[in-house]
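Per-entry structural report
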Protein chains: 2
Amino acid sequence: MEEKQDFIQNLSYDSVIFGFNGTQLKILILEYHNTGLFALPGGFVQMDENLEDAVKNGVRQRTGIQDIYLEQFYTFGGLKRSDPAAMDKILTQNNLDKEQYSWMMGRFISIGYYALINYEDVTPKPDELSDSINWYPIDELPKLMMDHEEMVERALRVLRHNLDRKLVGTNLLPHKFTMKQLQQVYEAVLGVGLRRTTFQRKMLSLDILVRHEKLFQGKAHKAPYLYSFK
Amino acid sequence: MEEKQDFIQNLSYDSVIFGFNGTQLKILILEYHNTGLFALPGGFVQMDENLEDAVKNGVRQRTGIQDIYLEQFYTFGGLKRSDPAAMDKILTQNNLDKEQYSWMMGRFISIGYYALINYEDVTPKPDELSDSINWYPIDELPKLMMDHEEMVERALRVLRHNLDRKLVGTNLLPHKFTMKQLQQVYEAVLGVGLRRTTFQRKMLSLDILVRHEKLFQGKAHKAPYLYSFK
């Protein structure tokens with residue numbers, strides 16, 4: 001554990017890491033030792049460290065995931081968002097000195113980041129403060145501490161808004177994919193079923209797809225076209 | 001001037017206030033007393049104050065503009081963004097004690113906010129630190145201090161991205177407007193000329209407009225339709 005003077009005081013970051021395997025959307029959640037407290041992976045920014053580096057390094061240390069690209073989505077600055085009682089419990093259960101770490105019980109403004117990765121590609125590892133770190137389906141999250149549920153909601157809104165752009169360059173779809181595979185991504189992220197014809201028309205009108213050869217698997221006349229992102 | 005202990009240390013906000021009068025897009029810029037330093041209006045967050053309240057109150061004090069709605073767009077956290085020499089100059093020219101205000105020369109993470117208002121509706125007033133506060137056309141900005149030019153660029157990108165949504169509920173257009181008036185807003189904000197037919201088709205396809213009666217001014221057969229936002 002690092003010391004108070006290393007960090008910018010009253011400032012933190014939190015990360016909403018979305019995992020997707022082609023059909024289901026999940027979020028990475030930490031559980032603190034013997035507290036029943038669930039939280040998004042987060043941390044602090046050192047005085048001599050770029051914000052982006054702090055987030056990248058901190059998320060790697062807390063989750064064990066290497067080289068994840070996180071994007072800022074919102075900074076949470078309400079006075080009511082802090083929860084000194086929960087921080088107190090975490091310090092107690094980790095046998096940390098409360099005087100030394102009293103700065104953790106103050107008011108924090110927290111910068112939110114999100115990422116979208118394939119949860120089948122990574123095995124998260126809990127850090128020293130946490131019992132476990134696990135992927136939870138977005139509709140089966142445990143109760144989260146502080147304002148972390150609001151953070152998840154807002155990150156999900158941003159992800160939905162930027163989905164067309166976010167998918168390009170990720171490994172969430174194979175390089176070439178069918179319209180049906182693309183529709184499954186949208187349905188999982190948006191949390192609703194979509195009409196095939198309407199979805200196809202919308203996607204083609206966005207002008208972000210290149211059409212390739214057909215994918216022959218069974219009956220030739222039913223073979224779907226393959227697409228990739230421009 | 002308030003004291004160090006009132007504020008969260010190493011944290012600030014800055015505001016990009018876009019002004020629009022129907023044809024031209026401008027930005028509100030402060031000039032500090034006898035320094036030649038131009039900057040976006042910004043400030044600090046008190047320890048016992050919600051971030052949103054700090055921004056709202058601070059912008060009112062620095063610009064004289066009442067009740068402006070500002071929206072967060074990005075938090076700037078690079079180590080290189082601070083400029084202690086410029087802060088030193090501002091303190092000197094305002095006869096402020098450098099020891100007392102040495103905290104202003106440290107590293108700051110700054111939360112960016114933007115707003116879009118009609119510059120003909122307001123008369124900005126400089127605060128005690130500033131010589132002047134003026135509207136500058138976006139293509140005729142003075143050189144700005146620190147990373148404020150990057151802030152303007154990023155805010156402009158967000159404004160352009162969200163323009164459809166931002167215009168609803170503002171007073172930048174009359175309640176009922178012609179397609180030509182709407183096109184002038186887009187052209188000024190995007191900084192490019194648009195084809196009338198393409199623009200009209202795109203706007204109608206967004207499904208955000210209601211068509212009303214025609215605006216009769218001269219020859220009846222040339223009268224344009226009036227629209228409002230849904």
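What counts as what
Numbering of residues begins from 1 in every chain and follows the order in which that chain's sequence is written. Starting at A for chains and at 1 for ligands, labels are handed out in the order in which the entities are written. Only residues with pLDDT of 70 or above have their local features reported here, since the model is predicted, and side-chain atom pairs are shown and tallied only from 80 upward, although totals for entire chains, interfaces and linings are computed over all residues. The basis for the side-chain values is all heavy atoms of the structure; hydrogens and waters are excluded. Only runs of H or I of at least four residues qualify as helices and only runs of E of at least two qualify as strands under DSSP, and these elements are numbered from the N terminus. When accessible area is computed with a 1.4 Å probe and restricted to protein chains, residues below 20% of their type maximum are described as buried, those above 50% as exposed, and intermediate ones as partly exposed. By definition, residues are in contact when any of their heavy atoms lie within 4.5 Å. UniProt positions are given in the numbering used here, feature names are shortened, and annotations may be inferred rather than shown by experiment. Accessible area that two parts lose when put together, with a 1.4 Å probe and added across both, is what the buried area reports. A carboxyl oxygen of Asp or Glu within 4 Å of a side-chain nitrogen of Lys or Arg is what we treat as a salt bridge. Pairs of N or O atoms within 3.5 Å make up the polar contacts considered here, provided that, within protein, one atom can donate a hydrogen while the other can accept it, and that residues adjacent in sequence are counted only when both atoms are side-chain atoms. The pairing criterion for strands is at least two bridges between them, as found by DSSP. Superposing copies: least-squares fit, C-alpha atoms only, residues required to have pLDDT of at least 70 in both. For every domain, the bounds stem from an assignment made automatically or drawn from a database. Residues are sorted three ways: Asp, Glu, Lys and Arg are charged, Ala, Val, Leu, Ile, Met, Phe, Trp, Tyr, Cys and Pro are nonpolar, and all the rest, Gly among them, are polar.

Now for the overall build of chain A. If you tally the helices and strands in chain A, you get six helices and ten strands. When its C-alpha atoms are laid out on the principal axes, chain A stretches across 70 × 30 × 30 Å. The 230 residues of chain A split such that 50% are buried. Contacts in chain A between residues far apart in sequence, at least 24 positions, make up 72% of those at least 6 positions apart.

Turning next to the UniProt feature "domain: Nudix hydrolase" (unreviewed entry) in chain A. With numbering aligned to this structure, UniProt lists the feature "domain: Nudix hydrolase" (unreviewed entry) at residues 10–160 of chain A. As annotated, residues 10–160 of chain A has a helix share of 24% and a strand share of 32%, and its two end C-alpha atoms lie 30 Å apart.

Before going further, it helps to examine the environment of Gly77(A). Along the chain, the position of Gly77(A) falls in the loop between β5 (71–76) and α2 (84–93). Residue classification places Gly77(A) among the buried residues on the basis of a relative accessible area of 10%. Counting along the chain gives 31 residues from Gly77(A) to Phe108(A), while the straight-line C-alpha distance between them is 7.3 Å. Setting aside residues no more than four positions away along its own chain, Gly77(A) makes contact with Arg107(A), Ile109(A), Asn50(B) and Leu51(B).

Okay, the interface of chain B and chain A next. Taken together, the contact pairs 23 residues of chain B with 23 residues of chain A. Counting each side, the surface lost to burial between chain B and chain A is near 1700 Å², with a carbon and sulfur contribution of 54%. Broken down residue by residue, the surface that chain B buries against chain A is led by Gln72(B), Leu79(B) and Arg107(B), which jointly contribute 24%. One can count zero salt bridges joining chain B with chain A. Applying the counting rule to chain B against chain A returns 15 residue pairs in polar contact (both at pLDDT 80 or more). Listing elements by their share of the side of chain B that touches chain A, those giving two or more residues are β1 (7–20), β4 (42–46), α1 (51–63), β5 (71–76) and β6 (109–117) of chain B.

On to the side chain of Glu71(B), then. The topology assignment puts Glu71(B) in strand β5. Not counting residues within four places of it along the chain, the set of residues in contact with Glu71(B) comprises Gly112(B), Tyr113(B), Tyr114(B), Arg165(B) and Lys166(B).

With antiparallel pairing, the three strands of this open sheet are ordered in space as β8-β10-β9 (chain B). Only two strands of the sheet have a single partner each, and these edge strands are β8 (177–178) and β9 (209–214) of chain B.

On to unusual backbone geometry. All names here are of chain B. Despite not being glycine, Asn34 shows a phi value in the positive range, around 50°. By the secondary structure assignment, Asn34 is in the loop between β2 (25–32) and β3 (38–39). Here the phi dihedral of Asp207 falls at roughly 65°; this positive angle occurs in a residue that is not glycine.

Here we take up the relation of the copies chain B and chain A. Between the two copies, chain B and chain A, the superposition gives an RMSD of 0.0 Å; the rotation angle is 180° and the shift along the axis is 0.0 Å. What the superposition gives is, in effect, a two-fold axis relating one chain to the other. A high fraction, 100%, of the interface residues of chain B reappear at the interface in chain A, so the copies pair face to face through one surface.

Here we take up the sheet that holds strand β10 (residues 225–229) of chain A. Hydrogen bonding along the main chain pairs the strands of a sheet, whether they run parallel or antiparallel. All names here are of chain A. What the three strands build is an open sheet, ordered β8-β10-β9; its pairing is antiparallel. Each end of this open sheet is capped by a strand with a single partner; those strands are β8 (177–178) and β9 (209–214). Summarising the sheet, β8 and β10 pair through two bridges and their orientation is antiparallel. By the bridge assignment, Phe177 is partnered in β10 with Tyr227.

Right, let's get into the side chain of His148(B). Residue and element names in this part refer to chain B. By the element assignment, His148 lies in helix α3 (residues 148–161). In this structure the side chain of His148 is engaged in a polar contact, spanning 3.1 Å, whose partner is the backbone nitrogen of Leu40. Ignoring sequence-local partners within four residues, the contact set of His148 consists of Asp14, Ala39 and Leu40.

Let us now look at the domain arrangement of chain A. All names here are of chain A. By domain assignment, chain A separates into domain 1 (4–165) and domain 2 (174–229). Here domain 1 and domain 2 have C-alpha centroids that lie 34 Å from each other. The partner domain 2 presents eleven residues to the eleven residues of domain 1 that form the contact. Both faces considered, domain 1 and domain 2 share a buried interface measuring about 850 Å² in area, 67% of it formed by carbon and sulfur atoms. Sorting the residues of domain 1 by area buried against domain 2 places Arg160, Leu163 and Asp164 first, and these three jointly supply 59% of that buried surface. Taken together, the connections running from domain 1 to domain 2 amount to zero salt bridges. Our count for the domain 1 to domain 2 interface comes out at two residue pairs in polar contact (both at pLDDT 80 or more). Those elements that provide at least two residues to the side of domain 1 that touches domain 2 are α3 (148–161) and α4 (163–167). Here the side of domain 1 that touches domain 2 is composed, by residue class, of six nonpolar, three polar and two charged.

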